[in-house]
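# Architecture at a glance
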Amino acid sequence: MCQIHFHSHFYEAIKNGNKTQTARVNEPVPQLGKGEAIFDDKPPIDIQITKVTQKNFEELTLEEIKKDGFDTKEELWSVLLGFYPELEQTDHLMLIEFEAV
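Now for a description of the structure that goes with this document.

The rules behind these values
- Residues numbered from 1 in each chain as written.
- Predicted model: local features only at pLDDT ≥ 70, side-chain atom pairs only at ≥ 80, totals over all residues.
- Heavy atoms only, no water.
- Phe/Tyr/Trp six-rings, centres within 6.5 Å; stacked < 30°, edge-to-face > 60°.
- Helix = DSSP H or I, 4+ residues; strand = E, 2+ residues; numbered from the N terminus.
- Buried < 20%, exposed > 50% of the residue type's maximum accessible area, 1.4 Å probe, protein only.
- Lys NZ or Arg CZ within 6 Å of the ring centre and 35° of its normal.
- Salt bridge = Lys/Arg side-chain N within 4 Å of Asp/Glu carboxyl O.

## Focus on the packing of aromatic side chains
Applying the stated rule across the entire model yields 5 aromatic pairs. Ring centres of Phe-10 and Phe-70 lie 6.3 Å apart, and the angle between their planes is 75 degrees; on these two criteria the pair is classed as edge-to-face. One end of the pair, Phe-10, is in the loop between strand 1 (2–5) and helix 1 (11–15); the other, Phe-70, is in the loop between helix 2 (62–67) and helix 3 (73–83), with 60 residues separating them in the sequence. Like Phe-10, the residue Phe-70 is buried in the burial classification. Put simply, the rings of Phe-6, Tyr-11, Phe-39 and Phe-98 touch in pairs and so form one group of aromatic residues. Between the NZ or CZ atom of Lys-19 and the centre of the ring of Phe-10, over which it lies, the distance is 4.6 Å.

Listed below in structure tokens is the structure:
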């Protein structure tokens, strides 16, 4: 079973289905199927990984940004830079789609 680590800030959004995607850089590609969203200080959430794609930030659609739990590209970019300070908008992101089960 694949485990994907998340910041605790995203716990409720994942649990209630408002966050169904995560963008990652330079991480192993997870297998589709059963997985677990893990957090430093909260219980894990069972997830089903449904799709993995690659694209750069500039190519992201508003629909994809909303799946990630954000309303605007600027909000997502700001959060991504917090995790990946060297990230450029032309760098490839791995988009992992999932649903809480």
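Text resumes after the structure shown.
## Here's the deal with the pattern of salt bridges
For the coordinates displayed, the defined rule picks out 5 salt bridges. One salt bridge in this structure joins Lys-19 and Asp-68, with 2.4 Å as the shortest N-O distance. Of this pair, Lys-19 sits in the loop between helix 1 and strand 2 (21–24) while Asp-68 sits in the loop between helix 2 and helix 3, placing them 49 residues apart in sequence. On the basis of relative accessibility, which here comes to 3%, the residue Lys-19 falls in the buried class. For Asp-68, a relative accessible area of 3% puts it in the buried group. Across the pair Lys-67 and Glu-97 runs a salt bridge whose closest N-O atoms are separated by 3.2 Å.

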